[in-house]
Amino acid sequence: MSVKTPSEKGSLSTKDKDDFNTPEDRKLVRKVDLRVSDHVRVGHAARSNIGNARIIGLVDDLHISPPEYNTALALYFVSYVLFEIPANIILKRFNPQIWLPTLTLFWGSVTVAQGFVTNKAGLFGIRFLLGAAEAGLFPGVIYVFSVYYRRHERSWRVAIFFGGAALAGAFGGDRIFILEGVITLAFGLFAYLVVPTWSHKAKFLTSSEKERLLARLDADSDAALIEKFQWKYVRQALTDHLVWGYAFLFHGFAFVLYSLSLFMPSIIAGLGYKSWQAQLMTVPPNTLASFSIWGTVWLSSKVNRRAHFIIGAALVAILGYIILLTTKTLLTLYV
């Protein structure tokens with residue numbers, strides 16, 4: 001019996017007949033949406049709210065220099081990189097119904113603690129812990145999506161999740177750390193009741209629905225394969241050139257993304273605007289980013305193409321940088 005490779009599965013062209021898009025399948029996906037997609041989204045505003053905190057003086061009260069502020073920002077990403085793989089290994093070995101809410105509680109606790117930092121060492125430590133807390137959250141949510149949705153169904157749900165994070169950053173404002181941390185803690189406690197477990201154990205699905213769901217996933221990829229954790233799979237991932245290619249690609253985009261989200265309030269305030277004006281002026285770019293994410297993914301799903309949109313987004317970013325650099329040069333020469 002021939003076995004389809006991942007590249008041969010799931011990438012249905014417009015001419016292919018989709019045997020798993022019947023009215024019953026669409027009803028099943030809607031049921032999964034109500035339990036999975038709507039209950040695993042948690043805001044990500046805390047990672048970038050340090051930028052808002054800086055322009056209203058909360059960071060300056062700690063008497064840290066600009067290089068030390070940059071160090072505090074970098075420590076978040078250092079711990080994120082260190083703990084991301086171990087966090088997903090733990091998720092794979094245990095249960096998302098317990099692991100993801102626990103991470104959410106940890107993340108909310110660290111966010112609240114961030115509001116009580118009184119010195120440089122505290123800021124460094126809490127930023128490191130924040131990265132460790134969030135390292136398993138976003139990748140874990142994406143992994144849970146992969147055991148419930150086919151790939152072309154998953155992309156839109158991931159886009160909503162990621163776009164929501166950008167939108168949350170747009171409205172961070174003065175609701176800095178403590179309030180957002182408390183809200184996250186409340187969501188974390190509630191999440192223990194609603195976050196689903198693995199698809200083959202899902203109690204909110206009937207036996208026939210689970211059978212159909214696993215058949216849909218098996219026809220698309222091996223995401224539904226019920227397998228025990230083995231270190232050889234970790235080694236396979238770490239030696240896969242596609243994994244490293246995606247990592248470098250994501251790094252290139254993330255570098256620009258987080259540079260903007262962390263420094264945009266300070267850049268705007270540096271143009272002469274008051275702190276509350278600078279915070280308000282970060283709303284349109286973040287909101288546009290969210291709608292751009294959603295629109296791009298919707299369109300790419302319609303035409304079943306990805307690389308064209310990735311390259312296009314990179315060109316837009318490069319063009320924006322060129323315009324910014326040119327404007328700054330002209331202002332330096334003539335003002």
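Residues numbered from 1 in each chain as written. Predicted model: local features only at pLDDT ≥ 70, side-chain atom pairs only at ≥ 80, totals over all residues. Heavy atoms only, no water.

Undergrad: Please give an account of the packing of helix 3 (residues 66-93) against helix 11 (residues 241-270) that cites residues and values.
TA: The N-to-C vectors of helix 3 and helix 11 enclose an angle of 135°; their axes lie 12 Å apart at closest approach. Regarding the angle of helix 3 to helix 11, the classification is oblique. The handedness of the crossing between helix 3 and helix 11 is right-handed. Contacts between helix 3 and helix 11 involve Tyr 69, Asn 70, Leu 73 and Phe 77 from the first element and Tyr 258, Leu 262 and Phe 263 from the second. When the residues that make up the contact of helix 3 with helix 11 are grouped by side-chain class, the tally is six nonpolar, one polar and no charged. (Axes fitted to C-alpha atoms, helices over the stretch in contact; angles between N-to-C directions. Helix = DSSP H or I, 4+ residues; strand = E, 2+ residues; numbered from the N terminus. Parallel < 35°, antiparallel > 145°, perpendicular 65-115°, else oblique. Left-handed = near helix turned anticlockwise from the far one by under 90°. Contact = heavy atoms within 4.5 Å. Nonpolar A, V, L, I, M, F, W, Y, C, P; charged D, E, K, R; others polar.)

Undergrad: So what's going on with the packing of aromatic side chains? Which residues, and what values?
TA: Within this structure, the stated rule accounts for nine aromatic pairs. Aromatic side chains Phe 145 and Tyr 149 sit 5.9 Å apart centroid to centroid with 80° between the ring planes, which places their arrangement in the edge-to-face category. You'll find Phe 145 and Tyr 149 in the same group, each marked buried. Taken together through their ring pairs, the aromatic side chains of Tyr 76, Phe 77 and Tyr 80 make up a single cluster. (Phe/Tyr/Trp six-rings, centres within 6.5 Å; stacked < 30°, edge-to-face > 60°. Buried < 20%, exposed > 50% of the residue type's maximum accessible area, 1.4 Å probe, protein only.)

Undergrad: Now, about the confidence of the model for the protein chain: what can you tell me, with residues and values included?
TA: Confidence along the protein chain averages 80 in pLDDT terms, with 82% of residues attaining 70 or more. Note that pLDDT drops below 50 for residues 1-15; the model gives that stretch 19 contacts with residues more than four away or on any other chain. (pLDDT = per-residue confidence, 0-100.)

Undergrad: Please set out the pattern of salt bridges residue by residue, giving values where relevant.
TA: Inspection of every chain in the model, using the stated rule, returns seven salt bridges. For the salt bridge of Glu 68 with Lys 120, the shortest nitrogen-to-oxygen distance reads 2.8 Å. Here Glu 68, found in helix 3, pairs with Lys 120, found in helix 5 (residues 120-135); they are 52 residues apart in sequence, far enough to count as distant. Taken together, the salt bridges that share partners define one network made up of Asp 25, Arg 150, Glu 153, Arg 212 and Arg 216. (Salt bridge = Lys/Arg side-chain N within 4 Å of Asp/Glu carboxyl O.)

Undergrad: Could you give me a rundown of the environment of Met 264, with the residues and numbers involved?
TA: In this structure, Met 264 sits in helix 11. Once the C-alpha coordinates of Met 264 and Pro 285 are considered, the two residues, 21 residues apart in sequence, prove to be 9.6 Å apart. Those residues in contact with Met 264 that sit more than four places away from it in its chain are Ser 259, Thr 282 and Pro 285.

Undergrad: So what about a nonpolar patch on the surface? Which residues, and what values?
TA: Together, Ile 311, Leu 315, Ile 318, Tyr 321, Ile 322 and Leu 325 make up a nonpolar patch on the protein surface, roughly 620 Å² of accessible area in all. You can see Leu 315 is positioned in helix 14 (residues 307-334). Assessed through its relative accessible area of 54%, Leu 315 is described here as exposed. (Patch = residues over 30% accessible without salt bridge, like charges linked within 9 Å, V, L, I, M, F, W, Y side chains within 5 Å. Areas by Shrake-Rupley, 256 points an atom, 1.4 Å probe, with all protein chains shown as cover.)

Undergrad: Please set out helix 9 (residues 207-220) residue by residue, giving values where relevant.
TA: Its 14 residues place the ends of helix 9 20 Å apart at the C-alpha level, agreeing with the 20 Å of an ideal helix rising 1.5 Å per residue. Along helix 9, the residues that are buried comprise Lys 210, Leu 213, Arg 216, Leu 217 and Asp 220. The arc that holds every buried residue of helix 9, seen down its axis, measures 125°, which confines them to one face. Exposed residues lying more than 90 degrees from the buried face of helix 9 are Ser 207, Ser 208, Glu 211 and Asp 218. (Expected span 1.5 Å × (residues − 1). Arc of directions from axis to C-beta.)

Undergrad: Can you tell me about unusual backbone geometry, naming the residues and giving the values?
TA: Within the chain, Asn 304 stands out as a residue other than glycine whose phi angle is a positive 55°. When you line up the elements, Asn 304 lands in the loop between helix 13 (283-303) and helix 14. What makes Asn 304 partly exposed here is its relative accessible area of 32%.

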